[in-house]
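Descriptive analysis of the structure
Here is how the chains run, residue by residue.
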Amino acid sequence: MEGLPFLPGNSFNDPTKSKYHRSHSLNYRNGYALPTQPTIGIGGEPIIYNQLSEQELDELANYNPTLTYGQAKEAPPEDFVPAHVAWDKKVLRYNAYFKQTVHESKDEYFRVRPVDIFYYLEDDSIAVIEPHVENSGMPQGKLIKRQRLPKNDQGDHWNWKDLNNGVNVTFYGKVFHIVNMDKFTSDFLESEGLIVNPSEGLPTDPYIERRKTAAALRTYTTPSSFDKQKQFLELDRKVLRFYCVWDDRDNMFGEMRPFVIHYFLVDDTLEVREVHTANDGRDPFPVLIGRHKVPKNRYQVDSSFPAVVMELSSHEIKEYFTPKDFTMGDTVMIYGRRFLIYDCDNFTKSFYYHTFGVTEFPSVDVKQKMKDMPKMEIPPFNQFGSMEDSLQSCLSLIPQPPKKDFIKMLENDHKVLRFEAIMDSVRPEDKGRRFIISYRLADDMMTVYEPPVRNSGIIGGKFLERTRVAKPNCPPDQPVFYGPQDFYIGAVIEVFRHRFVITNADEYVLKFMEDHSSQFPGSTIESLRSRLAEGSLLRETVKGAPMKVKRTDGDLNTLVQQVRAQLKKIAITDKARVDEMFLRYNTDRTGFIDARNMRDLCVKLQLPADDDVINALVGQCTSDPEGKISLEDFRRFVESS
């Protein structure tokens, strides 16, 4: 009812409709599934027309239907099924083989290699697969992957009609002979009207048959009834220990060396370890023979055995060492070495008692008489370096630095005792030479310094480096060094065959001795106190170290004349330099210089700057009671003869 709204009461069912199913959307045409395309009329509506032919319409017009049961329906024709659907997963299987030629082999000329040929009915493709054989040594598996194989040069391909029992097929130049097929393949060929040839047997490989024959003739040794698992569970970590010596004194430079033999009961192996002692002179290699099964006689093999290219195995060696072969006091030959067993441990004795019933274990005395070692003599000191360092070269092969007393070094750090001394020598040129001896309390080392004196002909400076000085005539292995108690007024100090007489000391020495009076004799302290109290003590600077000394009038006049001569030499070469020296130290521009400026001038020119020398110079330059020197007085003093 067109034009009416779709409401209840406005729609009517078609009483002639007999099919209520949902129509399909695909139909098969020429073996391909295509969607159903209804006939489209004007306006896009499908055109409904009569699908019956004229003949069917005539039959329906002249047919009298049975009112009770109706006309029986005929069976619909079968639908078309394509080949790839009908033959899907249907494969023909043939058993075949091919012969592979073997070149340059005297044992075989060819090999028989069985294969399986699979023919896929779906698309007429063929695959050739060789079954895997374990330890065959040949690459096996898929020989030809699935594909349509060409039959000839005209473009033809192999078909299932060409395959049958007893037929040779050639795939890519390789000939395969078909010998059998499975039941599905046989039934399929018979259903298609082909006669199936009788099946054949797979030929045997002559080389494999020869090996089977040789294996049948091979003899086998019956395995031992000994349970290795039981041996491992009962004898694991149980080791026999034998103490022995290797007596090699028959050879040149041979000796008797101690060793230990360990026999492992769990696997009947043994090892030989060397016993090292202190200072034996040998490399620390503990194992002489590694752990393994040791044969009694490794050379007792057949003469035909190729020992050059092959190692000995259990088939060639007849006997190995066992616990029965080790007896107390016997000599055992292990790889050509004679080992004398002289003792064993308690576990080994217990094992032999419970296993072999041995009750006596007599030990053998293998101790040798030790030779008297030569006594090491300390050679005399060669005067090179310090005595302690030289002594370390005699005590060890690799010299070690001598040990130091660090507590003493921390307590006496920067504490130095200074003494004035003169050289006691038979040479006339060495008389009157003054020296400063500095003694370090931290390490008991002394330094000898000679103050430079101009025009004396002797180069001053450091006379002795810092070192410990031993007293004369003391043994070199037990030297006795000079200590602070050996320095006093009048003491003679011999330093490497040079004699020095102590004449004076500074105030710090007296103060240190008074603070540590328990370490010094009273006479030493009293001699220093009296010496420092005599006369006026002068300060002397030697490398920044002030000292108090006393000189005679003759020595003082000599030093003053030397200073005056040096200043006159400067004035002769350059008169303007005298004024420059005066003006340099006249910093306050008063026109005068004092004794302090005169001391700085002498120190600058490296002239004696002792207090007594400076006072004598100032007294000769000016008569001013305050000691002020003008420029004219300084010129007159320098230029006058």
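Rules of the game
Residues numbered from 1 in each chain as written. Predicted model: local features only at pLDDT ≥ 70, side-chain atom pairs only at ≥ 80, totals over all residues. Heavy atoms only, no water. Helix = DSSP H or I, 4+ residues; strand = E, 2+ residues; numbered from the N terminus. Buried < 20%, exposed > 50% of the residue type's maximum accessible area, 1.4 Å probe, protein only. Contact = heavy atoms within 4.5 Å. Areas by Shrake-Rupley, 256 points an atom, 1.4 Å probe, with all protein chains shown as cover. Arc of directions from axis to C-beta. Core = buried A, V, L, I, M, F, W, Y, C linked by side-chain atoms within 4.5 Å. Pairing = 2+ DSSP bridges. Axes fitted to C-alpha atoms, helices over the stretch in contact; angles between N-to-C directions. Salt bridge = Lys/Arg side-chain N within 4 Å of Asp/Glu carboxyl O. Phe/Tyr/Trp six-rings, centres within 6.5 Å; stacked < 30°, edge-to-face > 60°. Lys NZ or Arg CZ within 6 Å of the ring centre and 35° of its normal. Disulfide = S-S within 2.5 Å. pLDDT = per-residue confidence, 0-100.

1. Structural notes on the overall build of the protein chain
- What the protein chain contains, in helices and strands, is 15 helices and 24 strands.
- The proportion of buried residues among the 641 residues of the protein chain is 30%.
- For the protein chain, contacts bridging at least 24 residues in sequence account for 48% of all contacts bridging at least 6.
- Approximately 45,500 Å² of the protein chain is accessible, and the part contributed by carbon and sulfur atoms is 52%.

2. Section: helix H6 (residues 346-356)
- For H6, the complete set of buried residues consists of Thr348, Phe351 and Tyr352. Seen from one end, H6 has its buried residues packed into an arc of 95°, which puts them on one side. For H6, the exposed residues set more than 90 degrees away from the buried face come down to Asn346 and His354.
- Its buried side turned inward, H6 meets strand E9 (239-247) and strand E14 (337-344).
- Two residues or fewer after H6 comes Gly357, characterised by a positive phi angle close to 75°.

3. A few points about the nonpolar core
- Counting residues in each nonpolar core, the largest one holds 28 residues, and the members touching the most others are Phe487, Phe500 and Ile502.
- For this core, the secondary-structure elements that each account for two or more residues are strand E15 (416-424), strand E16 (434-440), strand E17 (445-450), strand E19 (492-495), strand E20 (498-505), helix H9 (507-515) and helix H10 (522-533).
- What Phe500 contacts, discounting residues up to four positions off in sequence, is Ala421, Ile422, Met423, Phe435, Ile437, Val448, Phe463, Ala491, Val492, Ile493 and Val495.
- In this structure, Val578, Met581, Val613 and Val638 belong to the second largest nonpolar core, which totals 26 residues.

4. Points about the sheet that holds strand E3 (residues 91-101)
- Here we have six strands laid out as an open sheet, ordered E6-E5-E4-E3-E8-E7, and antiparallel in their pairing. Sheet topology places strand E6 (141-147) and strand E7 (168-171) at the edges, where each strand pairs with a single neighbour. Within the sheet, the average angular offset between the axes of one strand and its neighbour, ignoring direction, is 30°.
- The pairing of E7 with strand E8 (residues 174-181) spans four bridges and is antiparallel. Residue pairing across strands places Thr170 opposite Val175, the latter belonging to E8.
- Of the strands in this sheet, E3 and E8 touch helix H3 (residues 183-191), which is tilted by about 110° from E3.

5. Observations regarding the pattern of salt bridges
- Counted according to the given criterion, the structure contains 26 salt bridges.
- Close ionic contact of Glu271 with Arg273 constitutes a salt bridge, the shortest N to O distance being 3.0 Å.
- The partner of Lys408 in a salt bridge is Asp444, with the nearest N and O atoms 2.5 Å apart. Taken together, the residues Lys408 in helix H8 (residues 406-411) and Asp444 in the loop between E16 and E17 connect sequence positions 36 residues apart.
- Using a relative accessible area of 24% as the deciding quantity, one classes Lys408 as partly exposed.
- Assessed through its relative accessible area of 16%, Asp444 is described here as buried.
- One connected set of salt bridges, linked through shared partners, spans Glu122, Asp123 and Arg146.

6. With respect to the sheet that holds E17
- One open sheet holds the six strands; their spatial order is E18-E17-E16-E15-E20-E19, and the pairing between them is antiparallel. In this open sheet, the two edge strands, each paired with only one partner strand, are strand E18 (461-467) and E19. On average, adjacent strands in this sheet sit at an angle of 30° to one another, irrespective of strand direction.
- Of the strand pairs in this sheet, E15 and E16 are connected by seven bridges, and their pairing is antiparallel. Following the sheet pairing, Leu417 is matched in E16 by Tyr439.
- H9 rests against E15 and E20 of the sheet, and its axis sits at about 120° to E15.

7. Details of the packing of aromatic side chains
- All told, the structure shown has 23 aromatic pairs when counted by the stated rule.
- Here Phe435 and Phe500 contribute two aromatic rings whose centre-to-centre distance is 5.1 Å and whose plane-to-plane angle is 80°, an arrangement assigned as edge-to-face. Residue Phe435 is located in strand E16, and its partner Phe500 is located in strand E20; the two are separated by 65 residues in the primary sequence. Here the two residues Phe435 and Phe500 agree in accessibility, since each one is buried.
- With centroids separated by 5.4 Å and ring planes inclined at 55°, the aromatic side chains of Tyr439 and Phe487 adopt a geometry described as tilted. With a gap of 48 residues between them, Tyr439 in strand E16 and Phe487 in the loop between E18 and E19 connect regions that are remote in the sequence.
- One aromatic cluster is present, formed by Phe242, Tyr263, Phe321, Phe326, Phe351, Tyr352 and Phe356 through successive ring pairs.
- It is Lys99 that lies over the ring of Phe110; its NZ or CZ is 5.0 Å from the centre.
- Over the aromatic face of Tyr320 sits the side chain of Lys293, whose NZ or CZ is 4.6 Å from the ring centroid.

8. Side note on the pairing of E3
- Both E3 and strand E4 (residues 110-120) contribute to a ladder of 11 bridges, which runs antiparallel. The residue bridging Gln100 from the neighbouring strand is Arg111, located in E4.
- Examined bridge by bridge, E3 and E8 share four bridges and lie antiparallel to one another. Bridge pairing in E8 places Ala96 opposite Ile178.

9. A short note on the state of the cysteines
- Taken as a whole and judged by the stated rule, the model has zero disulfides.
- Cysteine Cys602 is unpaired, with the sulfur of Cys621 as its nearest cysteine sulfur at 9.4 Å.

10. So, unusual backbone geometry
- Here the phi dihedral of Asn135 falls at roughly 60°; this positive angle occurs in a residue that is not glycine.
- Inspection of the secondary structure assignment puts Asn135 in the loop between strand E5 (125-130) and E6.
- Given a relative accessible area of 75%, Asn135 falls into the exposed group.
- In this model, Arg497 sits at a positive phi of 70°, which is unusual for a non-glycine residue.
- Locating Arg497 in the fold gives a position in the loop between E19 and E20.
- Given the relative accessible area of 80%, Arg497 is considered exposed.

11. Thoughts on the confidence of the model for the protein chain
- Considering every residue of the protein chain, the mean pLDDT works out to 82; 89% of them sit at 70 or more.
- Looking over the protein chain, one finds the lowest element-wise mean pLDDT in strand E21 (residues 538-542), namely 37, and the highest in E5, namely 95.
- Counting interchain partners and residues more than four positions distant, the pLDDT-below-50 stretch residues 535-549 has 39 contacts.

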